[in-house]
Amino acid sequence: VTSTVRAGAAVGLSSGVTDFADWVRPHLPAMARLAARLAPHADRDDVVQEALARAWAKRDRFDERRGSASAWLLAITADQAAKARRRRPRVAGLSEATVLPAAPDDVIDIERALRQLPRRQRMAIDCYYFVGLSVAETAAVMGCAEGTVKSTLADARARLRPLLRGFT
Amino acid sequence: MIDIEGRLASAGESWRAAQPGPPEPDPDRLDSRRHNRWPMAAAAAAVALVIAGTVLVLRSSPRLVTPVDPSTRPSATGSPVVSRPPAALVVRDGDTVEATGIVRAEPGNPIYFCSPFGASVGDQPACTAAIGLPATGVDLNRLTHREEHSGAVFGRAWLRGVLRDGAIDVIAQAPPREEPGPWHLPEVLKTTPCPPPGGGWRGSIDNDAIQQYVEARASRFNGIGISRPAPGVEVIVVGVSAGDVPAAQNELRAKFGPNICAVIVAYTAAAQRRARTAVEQLMRDGEYWIQGIGCACGFTPVIVQVTMLNQRSYDLLQRIGFDQLELWVWLKPVP
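Everything quoted here is computed from the prediction, not taken from an experiment. (Residues numbered from 1 in each chain as written. Chains lettered and ligands numbered in written order. Predicted model: local features only at pLDDT ≥ 70, side-chain atom pairs only at ≥ 80, totals over all residues. Heavy atoms only, no water.)

1. A look at the sheet that holds strand β11 (residues 260–264) of chain B
Residues and elements named next belong to chain B. Heads up, the rule is: The criterion for strand pairing is that DSSP finds at least two bridges linking the strands in question. Counting from the N terminus, the helices are the DSSP runs of H or I reaching at least four residues and the strands are the DSSP runs of E reaching at least two. To obtain each axis, a line is fitted to C-alpha atoms, and for helices this fit is confined to the stretch in contact; angles are then taken between N-to-C directions over 0 to 180 degrees.
Pairing in this open sheet of 3 strands is mixed, and the strands run β9-β10-β11 from one edge to the other. Of all strands in the sheet, those with a lone pairing partner are β9 (221–230) and β11, marking the two edges. Going from strand to strand, the sheet's axes swing by 30° on average, the running direction of each strand aside. Direction of pairing for strand β10 (residues 233–240) relative to β11: parallel, over a ladder of 5 bridges. Paired with G239 across the strands is V263, a residue of β11.

Right, dumping it as structure tokens:
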């Protein structure tokens, strides 16, 4: 009960939507990047909004002793991105937005190489290098231990080395 | 030996820098969970949309594409901002301008003022000469959301100033104002713009199959989206750009099931593709303050995110056609 009350207060349970929005705002850039990375064909903003709605609905279950707000929100976002990816909606739009600057050639080469990685390795690379998450946050997203993230990243880098050599 | 670590880090940084800013939390979507009033909201929407649906049916005709006067058209993104015609957004040297944005102050460099809906590098906003303007007279002590990254101070403010030689001479400063960004779901996807079929919305739909079907018939269809009339229920909304809307809906439902809602749209796929390609070319040229481009294609015009609309950019965009474009301009002249 104590933790529920504390968590509820932390996420603005008693104060309403505005406080909740203020509470999640610092985490929105990472949530949006994670959605874009894990569900590239989906509507990124819709995935984020759905994740926020889920987080709002489950806010009384957030317990800061079990993990940071960032990790909690990112895990929810990853879950929503997975659902969006399964639907492969490619819905009108917003995912089609193009924003400067264009990707340099090296980025394109790496993107090609990433497509050849096993799913978990690619996810680790996406979270850590592209979304910019910490190892702990990546572990929360992948639902595994931090040590597993580190070893998965090492395996992925080893696998990428010969693939990228082909692009140089 | 390939520096995999370095290349991944560098590729990640480039990718992050190209990402648009995140969306703001949508209070309506949160609110619907707070009061658990989805079914009520859905029912209310359905009533309203039955009426709209009737209008659509009556208006449906073989030729549905109608030019839209951008000076009277409401924002296709549902933005509550009162839109001004593009000509009223053009700025010239000596104009007083205003905006809410990000201020970046770094020792040894000019202070820059940038759109808050730009790219970011990591958690740090990207605010450089490419996407912002130098600003003089900013009171750094009055910035909100202040943070420091690598010696640079970032903060937010509403600024009003005089535009001189590509820089802003600040004459007024206040806390940031809430302003909607350029990228929103169109109104038509926020609700389900069709009454449910006889047996109600049911089952799921093969999105890939319908996507392929619609794309293969781009002369008739433009736009496909998902609306959610109730928790766990998804309805595919398909834009019909030419032909009879009820007939198109019957055709799609016969092939893909009942959870299809066909609506008239004012933009054809071919016209949107042309407009988009032309704007992308301007964006690549990098001289016209065009920061982003996107659309909920079919349901919205091509949305162009512009940092500042000068006469040259205006002329080029006008040539592409304001009937196909919606401009989201950040730095606006004071009327």
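2. Focus: the state of the cysteines
All names here are of chain B. Let me state the cut-off plainly: Cysteine sulfur atoms are paired as a disulfide whenever they fall within 2.5 Å.
Scanning the model with the defined rule gives 1 disulfide over all chains in all. Here C194 engages in a disulfide with C261; their sulfurs sit 1.9 Å apart. In this structure the cystine formed by C194 and C261 twists about its S-S bond by roughly 80°; its chirality is therefore right-handed. One end of the pair, C194, is in the loop between α4 (187–190) and α5 (207–215); the other, C261, is in strand β11, and 67 residues separate them in sequence.

3. Quick notes on the side chain of Q49 of chain A
Our working definition: Only protein chains enter the calculation, and the probe is 1.4 Å; a residue is then buried if its accessible area is under 20% of its type maximum, exposed if over 50%, and partly exposed in between. Think of a polar contact as two N or O atoms within 3.5 Å of one another; within protein, one of them needs to be a possible hydrogen donor and the other a possible acceptor, and neighboring residues in sequence only count if both atoms come from side chains. We call two residues contacting when some pair of their heavy atoms lies within 4.5 Å.
Of note, Q49 of chain A is situated in helix α4 (residues 44–57). The exposure class of Q49 of chain A is buried, given its relative accessible area of 9%. Here E24 of chain B takes part through its backbone oxygen, which lies 2.7 Å from a polar atom of the side chain of Q49 of chain A. Ignoring any residue separated from it by four or fewer positions in sequence, one finds Q49 of chain A in contact with P23, E24, P25, D26 and R29 of chain B.

4. Regarding helix α1 (residues 4–17) of chain B
Each α-helix turn comprises 3.6 residues. Residues three or four places apart therefore point the same way. As a reminder, the rule being used: Here, expected helix span is obtained from the residue count minus one, scaled by 1.5 Å.
Compared with an ideal rise of 1.5 Å per residue, which puts 14 residues at 20 Å, α1 of chain B spans 20 Å between its outermost C-alpha atoms and is within 8% of the ideal. Of the positions making up α1 of chain B, those classed as buried are I4, R7, L8, A11, G12, W15, R16 and A17 of chain B.

5. What to know about the environment of W330 of chain B
All names here are of chain B. Looking at the secondary structure, you find W330 in strand β14 (residues 325–333). On the basis of relative accessible area, W330 is assigned to the buried category, the value being 1%. W330 sits 22 residues away from M308 along the chain, and the two C-alpha atoms are 6.2 Å apart. Ignoring any residue separated from it by four or fewer positions in sequence, one finds W330 in contact with E98, A99, T100, G101, F113, C114, S115, P116, L133, V306 and T307.

6. Digging into the pattern of salt bridges
Residue and element names in this part refer to chain B. We apply this condition: Counted as salt bridges are all cases of a side-chain nitrogen of Lys or Arg within 4 Å of a carboxyl oxygen of Asp or Glu.
Considering all chains together, one arrives at 12 salt bridges over all chains under this definition. R104 is the salt-bridge partner of E106, the closest N and O atoms lying 2.8 Å from each other. Take E106: its relative accessible area is 24%, and that puts it in the partly exposed class. Assessed through its relative accessible area of 16%, R104 is described here as buried.

7. Some thoughts on the environment of V170 of chain B
Residues and elements named next belong to chain B. Assignment of secondary structure puts V170 in strand β8 (residues 167–174). With relative accessibility at 13%, the residue V170 sits in the buried group. Sequence spacing of V170 and T136 is 34 residues, and the spatial spacing of their C-alpha atoms is 6.0 Å.

8. Re α4 of chain A
Residue and element names in this part refer to chain A. Between its first and last C-alpha atoms α4 spans 20 Å; for 14 residues at 1.5 Å apiece the expected length is 20 Å, and the two agree. Within α4, 12 of the 14 residues are buried, which leaves it mostly tucked inside the rest of the structure. Measuring from the side-chain oxygen of the N-cap residue of α4 to the backbone nitrogen of D45 gives 3.1 Å; that N-cap residue is D43.

9. Quick notes on the packing of helix α7 (residues 119–131) of chain A against helix α8 (residues 135–142) of chain A
Residues and elements named next belong to chain A. Condition: Just so you know how the angles are binned, under 35 degrees is roughly parallel, over 145 roughly antiparallel, 65 to 115 roughly perpendicular, and the rest oblique. Handedness of a crossing follows from how the near helix is turned relative to the far one, being left-handed for an anticlockwise turn of less than a right angle and right-handed for a clockwise one. Here the term charged refers only to Asp, Glu, Lys and Arg, the term nonpolar to Ala, Val, Leu, Ile, Met, Phe, Trp, Tyr, Cys and Pro, and the term polar to all other amino acids, Gly among them.
At their nearest, the axes of α7 and α8 sit 9 Å apart, and the two run at 140° to each other. With respect to their mutual orientation, α7 and α8 come out oblique. As for the relative orientation of α7 and α8, their crossing is right-handed in sense. Touching R120, M123, A124, C127 and Y128 of α7 are V135, T138, V141 and M142, all from α8. Here the residues of the contact of α7 with α8 sort into 7 nonpolar, 1 polar and 1 charged.

10. Here's the deal with the environment of L38 of chain A
Inspection of the secondary structure puts L38 of chain A in helix α3 (residues 28–38). Between the alpha carbons of L38 of chain A and A82 of chain A there is a distance of 7.1 Å; along the sequence they are 44 residues apart.

11. Some points on unusual backbone geometry
For residues other than glycine, phi is negative in most cases, and the peptide bonds are mostly trans. All names here are of chain B. In this structure, D165 takes a positive phi of about 50° despite not being glycine. Along the chain, the position of D165 falls in the loop between β7 (152–164) and β8. Residue classification places D165 among the exposed positions, given a relative accessible area of 73%. Unusually for a residue other than glycine, W289 sits at a positive phi of about 60°. A residue is classified by how much of its surface remains accessible, and W289, at 22% relative accessible area, is partly exposed.

12. Some thoughts on the confidence of the model for chain A
Detail in the predicted coordinates should be disregarded across regions flagged by low pLDDT. Residue and element names in this part refer to chain A. Note the threshold: What pLDDT expresses is the predictor's confidence in each residue, scored from 0 to 100.
Looking at chain A, pLDDT values average 74 and 75% of them are 70 or higher. Predicted confidence in chain A is weakest over helix α1 (residues 2–10), with a mean pLDDT of 29, and strongest over α3, with 92. With pLDDT under 50 throughout, residues 1–15 is counted as low confidence; its partners more than four residues away or in other chains account for 19 contacts. Scored below 50 in pLDDT, residues 88–105 shows 64 contacts in the model against residues more than four places distant or in partner chains.

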